[in-house]
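Read off the chains here:
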Amino acid sequence: MKKEPGKIVIAVAGQPNSGKSTIFNMLTGARQHVANYPGVTVEKKTGFYRYKGDTVELVDLPGTYSLTSYTQEERIARDFLLHEKPAAIVNIVDASNLERNLYLTFQLGEMGIPLVIALNMMDVAKSRGFKIDTEELARQLKASVVPTVGNRGKGKKELEEAIAATYRNTATVPFHLDYGEALEISLNSLEKRLKENPGLSESYSLRWMAIKLMENDSEAKKILEKKGK
Ligand SMILES: Nc1nc2c(ncn2[C@@H]2O[C@H](COP(=O)(O)OP(=O)(O)OP(=O)(O)O)[C@@H](O)[C@H]2O)c(=O)[nH]1
Ligand SMILES: [Mg+2]
């Protein structure tokens, strides 16, 4: 897709079967384009919509349960977020499987990119008798939470509004998962050392880098070798 000036890139991420494509279609309608990610046969679906004078480009990332780089889909989703730096991530969360889905949400939040949560499958959650405190969820995740029923187009307007409010807000507070005192001391000192590399802090969330290095993540180590000089 040709780059347009002033275009805002937003990633759509979520676990498999959470309703990513449904929400993507709900927002973009027929304005879609399919290509492949470079060098692989995984489909890259992009589409756009206009919102109050803005052109918003959505990228439907492959569905993944987490963001480690074990599978090709995970690597693709993670590389996109790391290197393309979207203005925000719309995280499609299956409300009827909240706990399992939040595992990915935490990992997305830790990348330091502002999140908008589409709490999808609300009809299924309701029919199972789940009551979700969306305000509390939003407070804890430091993100907007919008209930949706994707296959019925419910929540579209609210989602568009939340997306715009997020990419327009330059003062979003990144999500922060507290790993407990012992780990936090190490994470903080590692982050301080990483801060000494200006090449690194310009391009990556140092908190994310510190967590990944602590996990002995091979890609984070590669980035450090390349950028950290
Ligand atoms: N009941 C209900 N069904 C939904 C909702 N949103 C999507 N679906 C249905 O759930 C199924 C999966 O939706 P998709 O949009 O294909 O999910 P996906 O996340 O793109 O799936 P993958 O790309 O395979 O990971 C489809 O049959 C949708 O019609 C919802 O809010 N409620
Ligand atoms: Mg899909």
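Treat the numbers as computed from the prediction; the structure is a model and nothing was measured.

Trainee: Quick question: what am I supposed to make of the packing of aromatic side chains here?
Mentor: Aromatic ring pairs are reported here in terms of the distance separating the ring centres and the angle at which the planes meet. Evaluation of the coordinates by the stated rule reveals one aromatic pair. Summarising the aromatic geometry, the rings of F106 and F175 are spaced 5.5 Å apart at their centres and angled 5 degrees between planes, so their arrangement reads as stacked. Taken together, the positions of F106 in helix α3 (residues 98-110) and F175 in the loop between α6 (156-168) and α7 (181-195) put the pair 69 residues apart, joining distant regions of the chain. Note on F175: relative accessible area 11%, which makes it buried. When the ring centre of Y204 is taken as reference, the NZ or CZ atom of K85 above it lies at 5.2 Å.

Trainee: Please explain the site of ligand 1 as it appears in this structure.
Mentor: In the vicinity of ligand 1, 15 residues are found, and the nearest of them are G19, K20, S21, T22 and D123. Here G19 contributes a backbone N or O atom positioned 3.0 Å from an oxygen atom of ligand 1. Taking D123, its side chain carries an N or O atom lying 2.9 Å from a nitrogen atom of ligand 1. Alone, ligand 1 offers 650 Å² of accessible surface; in the complex the protein occludes 65% of this.

Trainee: When you look at the sheet that holds strand β2 (residues 32-36) in this model, what are you seeing that I'm missing?
Mentor: Within a sheet, adjacent strands bond to each other through the backbone by hydrogen bonds, running parallel or antiparallel. Pairing in this open sheet of seven strands is mixed, and the strands run β2-β3-β4-β1-β5-β6-β7 from one edge to the other. Only two strands of the sheet have a single partner each, and these edge strands are β2 and β7 (144-147). Across this sheet, the average inter-strand angle for adjacent strands is 25 degrees, counted without regard to direction. Set on the sheet, α3 makes contact with β1 (7-14), β5 (88-94) and β6 (115-120); between it and β5 the angle comes to about 170 degrees.

Trainee: Quick question: what am I supposed to make of the pairing of β1 here?
Mentor: The side chains of a regular strand alternate, first on one face of the sheet and then on the other. Taking burial as the measure, the eight residues of β1 include eight buried ones, the bulk of the element. Of the two faces of β1, both are covered, the one formed by K7, V9, A11 and A13 as well as the one formed by I8, I10, V12 and G14. Sheet analysis places β1 next to strand β4 (residues 54-60), joined by six bridges and oriented parallel. When the bridges of β4 are listed, K7 appears paired with T55. Inspection of the sheet shows β1 paired to β5 by five bridges, in the parallel sense. What sits directly across from I10, in β5, is A88.

Trainee: Sorry, what's going on with the nonpolar core here?
Mentor: A general trend in soluble globular proteins is that nonpolar side chains are found buried together. Judged by nonpolar contacts, the single largest core of 45 residues is most densely connected at L61, L81, L108 and M209. If you tally residues by element for this core, the top one is helix α9 (residues 206-214), at six residues. Of the domains in this structure, domain 1 (7-168) and domain 2 (181-227) are the two that each give at least three residues to this core. Residues contacting L81, with those up to four places away along its chain left out, are A11, L61, L67, P86, I89, L108, M111 and I113. Of all hydrophobic cores here, the second largest spans 22 residues; its members include F24, Y49, A88 and I92.

Trainee: I tried to follow the domain arrangement of the protein on my own but got confused; where do I start?
Mentor: By a widely used convention, the size of an interface equals the accessible area lost when the partners come together. With domains assigned, the protein is organised as domain 1 (7-168) and domain 2 (181-227). Distance from the C-alpha centre of domain 1 to the C-alpha centre of domain 2: 26 Å. The partner domain 2 presents ten residues to the nine residues of domain 1 that form the contact. Between domain 1 and domain 2, the buried area comes to about 870 Å², and carbon and sulfur atoms account for 48% of it. It is R78, L82 and E110 in domain 1 that bury the most area against domain 2; as a group they hold 54% of the surface buried on that side. Between D217 and R78 there is a salt bridge, with its nearest N and O atoms 2.8 Å apart. Summed over the shared surface of domain 1 and domain 2, the result is four residue pairs in polar contact (both at pLDDT 80 or more). Take the side of domain 1 that touches domain 2: its biggest share by element is four residues, from helix α2 (residues 72-84).

The rules behind each value
- Numbers given to residues run from 1 along each chain, matching the order in which its sequence is written.
- To read the labels, note that chains go from A and ligands from 1, taken in the order they are written.
- Note on the predicted model: pLDDT of at least 70 is required for a residue's local features to be given, and 80 or more for side-chain atom pairs to be given and counted; whole-chain, interface and lining totals, by contrast, use all residues.
- With hydrogens and water set aside, each side-chain value is computed from the structure's full complement of heavy atoms.
- Classification of ring pairs uses Phe, Tyr and Trp, with its six-membered ring standing for Trp, and accepts pairs whose centres are within 6.5 Å; under 30 degrees between planes counts as stacked, over 60 as edge-to-face, and the remaining range as tilted.
- Helix and strand definitions here come from DSSP, where helices need a minimum of 4 consecutive H or I residues and strands a minimum of 2 consecutive E residues; each element is numbered from the N-terminal end.
- Exposure categories follow from relative accessible area, calculated using a 1.4 Å probe and restricted to protein chains: below 20% of the type maximum is buried, above 50% is exposed, and the middle band is partly exposed.
- Lysine NZ or arginine CZ positioned within 6 Å of the ring centre and within 35 degrees of the ring normal marks a charge as sitting over the ring.
- One heavy atom within 4 Å of a molecule or strand makes the whole residue count as near it.
- Here a polar contact means two N or O atoms within 3.5 Å. Within protein one must be a hydrogen donor candidate and the other an acceptor candidate, and residues neighboring in sequence count only if both atoms are side-chain atoms.
- Each accessible area is a Shrake-Rupley estimate made with a 1.4 Å probe; only the visible protein chains count as cover when residues are assessed.
- Only strands joined by at least two bridges in the DSSP assignment are considered to pair.
- Axes, fitted as lines to C-alpha atoms, cover a helix only where it is in contact. Angles between the N-to-C directions of the axes lie from 0 to 180 degrees.
- Every residue pair with non-hydrogen atoms within 4.5 Å of one another is taken to be in contact.
- What is meant by a nonpolar core is a set of buried Ala, Val, Leu, Ile, Met, Phe, Trp, Tyr and Cys residues, joined one to another through side-chain atoms within 4.5 Å.
- Domain delimitation in this document rests on an assignment produced automatically or drawn from a domain database.
- Buried area: the sum, over both parts, of the accessible surface (1.4 Å probe) that disappears when the two are put together.
- One speaks of a salt bridge when a side-chain nitrogen belonging to Lys or Arg is within 4 Å of a carboxyl oxygen belonging to Asp or Glu.

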